[in-house]
Amino acid sequence: MRTTHQPWYACLFGLAFIIFTSFANAAVISRGPYLQMGDNDNMTIRWRSDSATDSVVRFGSSPSALSQTVSVSGTRTEHIVKLTGLSASTQYYYSVGSSTQTLAGGDNTYRFTTSPNPGTASPTRVWLIGDAGTGTSSQTAVYNAYLNYPGAANTNLWLMLGDNAYDSGTDAEFQSKMFNMYPVLMRQVPIWPTLGNHDGASANSSTQSGPYYDIFTLPKAAEVGGLASGTEAYYSFDYGNIHFICLDSYETSRATNGAMLTWMQNDIAATDKQWIIAFFHHPPYTKGSHNSDTESELIDMRQNALPILENYGVDLVFTGHSHSYERSFLLDGHYGNSSTFTASHKVDGGSGREDGTGAYVKAPGASRAGAVYTVAGASGKISGGTLNHPAMFTSLNQLGSVILDVNGNRLDFKHLNSSGTVTDYFTLIKGSDTTPPTLTAASAVSASAVSVSFSEPVAAASGGTAANYIINNGVSVNSASVSGSTVTLNTSALTSGTNYTLTVNNVQDVSNNVIAANSQRSFTYSSGVSSSSSSSSSSSSSSSSSNSTSSSSSSSSSSSSAGATSSGSPTTVSFQQGTNAYSGSVDTYVASGAASNNYGTANAILADADDGSRDKLISLLKWNVASIPAGKTITAASITLRVFNSSAGAYNLWAMTTAWAPGTATWNNTLPETNRGAQIGSFTPTSNTTYTLTLNAAGIALVQSWVNGSANNGISIASGGTTDGVDIRSNEYGTVAQRPSLTVTYQ
């Protein structure tokens, strides 16, 4: 037989063709990876490839030691791989791909941490966003604000409160408005979503079909704790000592005898976890871009779901839908319209802030002990509304997200706006508070040192220093001396004339007990002279971010920019909500023609001689000046206001002589024209700009009386007769610099 040999160039062509084809057919990752259904011993990892391959995850204890492999044979473009046999509370690194190639991973950004063993109390960070999926710069700003916030790198759980991809929840919209927006965090933190009405436009809960159900892998057989729901439309899961309940408030029956609420009652009755947190899309209480008095889904959830949740001791309920931020008091038993809400529905009508009226406290396992309801639907856009639901402690037309830090029987809540500022916060404690006590004394600042006085004598901690001190982000200072309850720090790294925040970590008393953790105060350092400093009333933190060096605790601090100085040196301090951790300012307005109405959550304060249906409007403002040392003499004072709807008329400032609170003040209970003292100033706000109003001698005497310990009832702003009303930014306004401020000079 004759053999025919191929020319050499034909062989080379064939080899080149094989190589080219191999590269041409190489898969490329087009979605993810992202994490689902994380538990104490398993994790589900999903991704999408542009061509079909088998599925392989390699994982291990470091990016360079991915020694374990889980493979799923067969080929597909939608990859779902479940890792099992993992250790609890352990960090793993991973890569994803096929048996022939790695598509993504193998560096330190591809990692996850398993949850604690069921029932184990462990520091837990939860991030919550609602109505985020707009694909806009607003969504990006909210995300970046969180990434830059202390503790974000240690996020354990991520809750999405619905409307995750506008406008119709299509696969392409999920790609551009979720997967493309959060590429890093979703590869590190398990996502737990609920269905929003926009997501539901292309999904069907009864058949569990459509992009939403195709994209997420959710527990329907109690794979992560709780009771099996039999559906991904609603489910529960456990993380350590926290039980989470997710409901479908859009497509599934909300009837009390329906499958979902029947399951929910059995599920919540069966849990033994210390904390119970529920989340769904439609809020039971809101006056934002939606109205809980008029919309059926919202009414159903309030009337049908809330009695069950409250009866079994739910602690927090999170929703979206309204494109605003609204946070309630600690509530129980209100299932009617907003007009039926009374003070009796408040288990605690305070702020929940340790530096305010005190933390909310619940007895462990108690039924009907109160819950806090939060609307967090402004993670992608804001749409306003009246924002005056009486159940709410605060309502803000602000972009932002919610952060929870849970540790043992303590839960710390923060609303972080898109600028990275904490604009609301509270603490909820189950039983007795086991956290270290609060510092009580001030920091004195001189040209060469910062002297920090504590509530009891301190001792040197490990390393020969009394504590770990950090000024702002990364400027460290060393302990110069420890004497009794005072630690003196050198200030060689500081810049004259600069405002600083001092973070004090791990201060020990003489018995080596921690008496402060992550406490903060603000001060101004001035070279060569003594300078103002802030009083200390920061609470200690036992969250997973307790060693943070940023302003996380200052948002929950009552420190102002005032404090002790050397005798005789004039000091000027300013009090403005949200500036230098100050949180002692409140305001509202009242209306004679709506004499029983309260406007304490409005983001504006108003004054007018005749507002039409509401007749006279008078603004009320108050600043806590307790951080000015007793015995100081007030030499000057002024008030700065940001006007955004000007007037041609004159307005007068008056001393108020009766007590009032922003959440309860009405015309009837304040009688602002009767209960006022001396006139302390006036102005004519003819332009939309900032006005600084110098107080007269009566105004200076008024501030002096507050410093001397007399009742601080604040001031009022009333029209001098003009009916051309003026509108002023309030303490609830999103831009801190435009909020009312009081500036005081003393010596």
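Residues numbered from 1 in each chain as written. Predicted model: local features only at pLDDT ≥ 70, side-chain atom pairs only at ≥ 80, totals over all residues. Heavy atoms only, no water.

Chemist: Hey, could you run me through helix α6 (residues 296-311) in this one?
Modeler: The periodicity of an α-helix, 3.6 residues per turn, causes residues three or four places apart in sequence to face the same way. Between its terminal C-alpha atoms α6 stretches 23 Å, which fits the 22 Å expected from 16 residues at 1.5 Å a residue. Within α6, the full set of buried residues consists of Glu297, Leu298, Ile299, Met301, Arg302, Asn304, Ala305, Leu306, Ile308, Leu309 and Glu310. The inward-facing, buried residues of α6 contact β11 (242-246), α5 (259-270), β12 (275-279), β13 (316-319), β14 (325-331) and β17 (371-376). The positive-phi residue at the C-terminal boundary of α6 is Gly313, with phi of around 85°. (Helix = DSSP H or I, 4+ residues; strand = E, 2+ residues; numbered from the N terminus. Expected span 1.5 Å × (residues − 1). Buried < 20%, exposed > 50% of the residue type's maximum accessible area, 1.4 Å probe, protein only. Contact = heavy atoms within 4.5 Å.)

Chemist: Looking at this structure, how should I read the sheet that holds strand β20 (residues 410-417)?
Modeler: To summarise the sheet geometry, strands pair through backbone hydrogen bonds and adopt either a parallel or an antiparallel arrangement. Strand order across the open sheet formed by 7 strands is β9-β8-β7-β19-β20-β21-β16, with mixed pairing between neighbours. The open sheet is flanked by β9 (191-193) and β16 (360-362), the only strands paired with a single partner. The mean angle between the axes of side-by-side strands here comes to 20°, regardless of whether they run parallel or antiparallel. Inspection of the sheet shows strand β8 (residues 157-160) paired to β9 by 3 bridges, in the parallel sense. Within β9, the residue paired with Leu159 across the bridge is Trp192. (Pairing = 2+ DSSP bridges. Axes fitted to C-alpha atoms, helices over the stretch in contact; angles between N-to-C directions.)

Chemist: Help me understand α5, please; the structure alone is not making it clear to me.
Modeler: The terminal C-alpha atoms of α5 lie 17 Å apart, and with 12 residues this matches the ideal 16 Å at 1.5 Å per residue to within 8%. Those residues of α5 lying buried are Met260, Leu261, Trp263, Met264, Asp267 and Ile268. Within α5, the buried residues cover an arc of 155° as seen down the axis, which keeps them to one side. Turned more than 90 degrees away from the buried face of α5, the exposed residues are Ala259 and Ala270. The inward-facing, buried residues of α5 abut β10 (235-239), β11, β12 and α6. (Arc of directions from axis to C-beta.)

Chemist: What exactly am I supposed to notice about the nonpolar core here?
Modeler: Counting residues in each nonpolar core, the largest one holds 92 residues, and the members touching the most others are Trp158, Tyr182, Phe244, Phe279, Phe318 and Leu404. Those residues in contact with Trp158, other than ones at most four positions away along the chain, are Trp127, Ile129, Tyr182, Leu185, Met186, Val189, Pro190, Ile191 and Trp192. Residues Phe575, Ala607, Leu693 and Leu702 belong to the second largest nonpolar core, which totals 33 residues. (Core = buried A, V, L, I, M, F, W, Y, C linked by side-chain atoms within 4.5 Å.)

Chemist: Is there a simple way to explain the environment of Ala141 in this structure?
Modeler: For Ala141, the location among the structural elements is in helix α2 (residues 137-147). Note on Ala141: relative accessible area 26%, which makes it partly exposed. Between the C-alpha atom of Ala141 and that of Ser419, which follows or precedes it by 278 residues, the distance is 7.3 Å.

Chemist: I keep staring at the sheet that holds strand β38 (residues 651-656) and nothing clicks. Help me out?
Modeler: Taken in spatial order, the 5 strands line up as β34-β36-β41-β38-β39 in an open sheet, and their pairing is antiparallel. Of all strands in the sheet, those bounded by a partner on one side alone are β34 (585-591) and β39 (676-683). Neighbour to neighbour, the strand axes of the sheet diverge by 25° on average, direction disregarded. Pairing between β38 and β39: 5 bridges, direction antiparallel. Each bridged residue has a counterpart across the sheet, and for Met656 the counterpart in β39 is Arg676.

Chemist: Help me understand the packing of α5 against α6 in this model?
Modeler: Packed helices, taken two at a time, are described by the angle their axes make and the gap between the axes. At a closest axis distance of 10 Å, the pairing of α5 and α6 adopts a crossing angle of 10°. With respect to each other, α5 and α6 are oriented roughly parallel. From α5, Leu261, Met264, Gln265 and Ile268 reach across to α6, where they touch Asn304, Ala305, Ile308 and Leu309. Looking at the contact of α5 with α6, its residues break down into 6 nonpolar, 2 polar and no charged. (Parallel < 35°, antiparallel > 145°, perpendicular 65-115°, else oblique. Nonpolar A, V, L, I, M, F, W, Y, C, P; charged D, E, K, R; others polar.)

Chemist: Explanation requested: the packing of aromatic side chains in the structure shown.
Modeler: Geometrically, a pair of aromatic rings is defined through the distance of the ring centres and the angle of the planes. A complete count under the given rule lists 28 aromatic pairs for this structure. When the ring of Trp192 is compared with that of Tyr235, the centres are 6.1 Å apart and the planes differ by 35°; the resulting orientation is tilted. Linking Trp192 in strand β9 with Tyr235 in strand β10, this pair joins segments that are 43 residues apart in sequence. Like Trp192, the residue Tyr235 is buried in the burial classification. (Phe/Tyr/Trp six-rings, centres within 6.5 Å; stacked < 30°, edge-to-face > 60°.)

Chemist: Would you explain the pattern of salt bridges in this entry?
Modeler: If the charged atoms of two oppositely charged side chains come close together, the side chains can form a pair. Following the criterion strictly, the structure yields 20 salt bridges and no others. Residue Lys430 pairs with Asp315 through a salt bridge whose shortest N-O separation is 3.2 Å. One end of the pair, Lys430, is in strand β21 (residues 422-430); the other, Asp315, is in the loop between α6 and β13, with 115 residues separating them in the sequence. Relative accessible area serves as the criterion here: at 5%, Lys430 is assigned to the buried category. The salt bridge involving Glu673 is made with Lys616; its shortest N-O contact spans 3.0 Å. Of this pair, Glu673 sits in the loop between α7 (667-670) and β39 while Lys616 sits in the loop between β35 (604-607) and β36 (617-623), and the two are 57 residues apart along the sequence. Given the relative accessible area of 36%, Glu673 is considered partly exposed. Owing to a relative accessible area of 30%, Lys616 belongs among the partly exposed residues under this scheme. (Salt bridge = Lys/Arg side-chain N within 4 Å of Asp/Glu carboxyl O.)

Chemist: Mind showing me how you'd approach the pairing of strand β18 (residues 392-396) here?
Modeler: One face of the sheet, then the other: side chains in a regular strand alternate in exactly this way. Among the 5 residues in β18, 4 count as buried, and that is most of the element. Where β14 and β18 come together, 4 bridges link them in antiparallel fashion. By the bridge assignment, Ser328 is partnered in β18 with Met392.

Chemist: Help me understand the side chain of Arg302, please; the structure alone is not making it clear to me.
Modeler: The topology assignment puts Arg302 in helix α6. Buried Arg302, no salt bridge; nearest opposite-charge side chain is Asp293, N-O distance 4.6 Å. A distance of 2.8 Å separates a polar side-chain atom of Arg302 from the backbone oxygen of Pro284. Once you skip the residues sitting within four places of it in the chain, Arg302 turns out to touch Pro284, Tyr285, Ser292, Pro307, His334, Tyr335, Gly336 and Asn337. (Lys, Arg positive; Asp, Glu negative; His and termini not counted. Polar contact = N/O pair within 3.5 Å; in protein donor to acceptor, adjacent residues only side chain to side chain.)

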